[in-house]
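Summary of the model geometry
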Amino acid sequence: TLDNKTVLLISSFQSLTGANVKDVFEEDGRITFIVDEGEASRAIGRGGRNVKLLGSKLKKDIRVVEYNKDKLKFILNLIYPVVPKKIYTGSPEDSKREGESGGQTSEEIVTIEVLDGKSKGLLIGRNASSLRSLEEKVRRHHKVKEIKIR
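Moving on, we get to the overall build of the chain. The helix and strand inventory of the chain stands at 6 helices and 6 strands. For the chain, with 150 residues in total, the buried portion stands at 43%. Accessible area of the chain: about 8900 Å², with a carbon and sulfur share of 46%.

Below you can see the structure in the form of structure tokens.
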């Protein structure tokens, strides 16, 4: 269930941008809106106008992430601007290149291989807080058992 503040946030965002909001969450002074596929540019606005306007009204950083029914593409959207070397479900042997979806079991382990230590640190966070937060966000829309960073 959504509280009044969340409903008001979604309503304000949708009327300002014309984009449909699937989900919203607030974390570390930032509000993240998950919008329907293909609506991120409309939500952000020309030159980031919509995001800047709403951010100044709410005195918060605003982030827009595009939903994708493919869980790997959705994770890529959530972790942007970090660009992984590889992302796949299951074991490395059945690895899928960025965004390819194979036969999906009910709950899977997703592995993200990164290029450098800085990216790994950004994704994991202090005491794995960023990683747990990412898992929670993904689980709201897809069946994922765990996300691993290599």
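This paragraph deals with helix H3 (residues 49-58). Restricting attention to buried positions, one finds in H3 the residues Asn50, Val51, Leu54 and Gly55. Burial along H3 is one-sided: seen end-on, the buried residues are contained in an arc of 125 degrees. In H3, the exposed residues that point more than 90 degrees away from the buried face are Arg49, Lys52 and Lys57. Each element contacted by the buried residues of H3 is listed here: helix H1 (4-17), strand E2 (30-35), helix H2 (40-44) and strand E3 (61-66). Following H3 by one or two positions, Lys59 adopts a phi angle in the positive range, close to 55 degrees.

Inspection of the entire model under this criterion finds 8 salt bridges. With its nearest N and O atoms 3.2 Å apart, the salt bridge here joins Lys5 to Glu26. Taken together, the residues Lys5 in helix H1 and Glu26 in strand E1 (residues 21-27) connect sequence positions 21 residues apart. By relative accessible area, Lys5 is classed as exposed at 53%. Among the salt bridges present, the one from Arg42 reaches Glu39, with a minimum N-O distance of 4.0 Å. When its relative accessible area of 47% is taken as the criterion, Arg42 is described as partly exposed. When salt bridges that share partners are traced, they join Lys5, Glu26 and Lys60 into one network.

In this section: the sheet that holds strand E4 (residues 86-89). Here we have 3 strands laid out as an open sheet, ordered E4-E5-E6, and mixed in their pairing. Two strands bound the open sheet, and with one partner strand each, they are E4 and strand E6 (144-149). Across the sheet, the mean angle separating the axes of adjacent strands is 15 degrees when strand polarity is ignored. Set on the sheet, helix H4 (residues 71-79) makes contact with E4, strand E5 (108-113) and E6; between it and E5 the angle comes to about 45 degrees.

Next up on the list: the packing of helix H5 (residues 117-124) against helix H6 (residues 129-139). Two elements in contact, H5 and H6, have axes whose closest approach is 5 Å; the angle formed by their N-to-C orientations is 60 degrees. It follows that H5 is oblique to H6 by the angle criterion. In this structure, H5 contributes Leu122, Leu123 and Ile124 to the contact, and H6 contributes Ser129, Ser130 and Leu131.

The next subject is the packing of aromatic side chains. Per the stated rule, a full pass over the model turns up 2 aromatic pairs. Measuring from ring centre to ring centre gives 3.9 Å for Phe13 and Phe33, while their planes differ by 10 degrees; the resulting arrangement is stacked. On the criterion of sequence distance, the pair formed by Phe13 in helix H1 and Phe33 in strand E2 is long-range, its members being 20 residues apart. Arranged with centres 5.3 Å apart and planes meeting at 55 degrees, the rings of Tyr67 and Phe74 form a pair that is tilted. With relative accessibility at 13%, the residue Tyr67 sits in the buried group. Judged by its relative accessible area of 0%, Phe74 is buried. For the cation-ring pair, Lys22 lies above Tyr67, with the distance from its terminal atom to the ring centre recorded as 4.7 Å.

Parameters and conventions
- Residues numbered from 1 in each chain as written.
- Predicted model: local features only at pLDDT ≥ 70, side-chain atom pairs only at ≥ 80, totals over all residues.
- Heavy atoms only, no water.
- Helix = DSSP H or I, 4+ residues; strand = E, 2+ residues; numbered from the N terminus.
- Buried < 20%, exposed > 50% of the residue type's maximum accessible area, 1.4 Å probe, protein only.
- Areas by Shrake-Rupley, 256 points an atom, 1.4 Å probe, with all protein chains shown as cover.
- Arc of directions from axis to C-beta.
- Contact = heavy atoms within 4.5 Å.
- Salt bridge = Lys/Arg side-chain N within 4 Å of Asp/Glu carboxyl O.
- Pairing = 2+ DSSP bridges.
- Axes fitted to C-alpha atoms, helices over the stretch in contact; angles between N-to-C directions.
- Parallel < 35°, antiparallel > 145°, perpendicular 65-115°, else oblique.
- Phe/Tyr/Trp six-rings, centres within 6.5 Å; stacked < 30°, edge-to-face > 60°.
- Lys NZ or Arg CZ within 6 Å of the ring centre and 35° of its normal.

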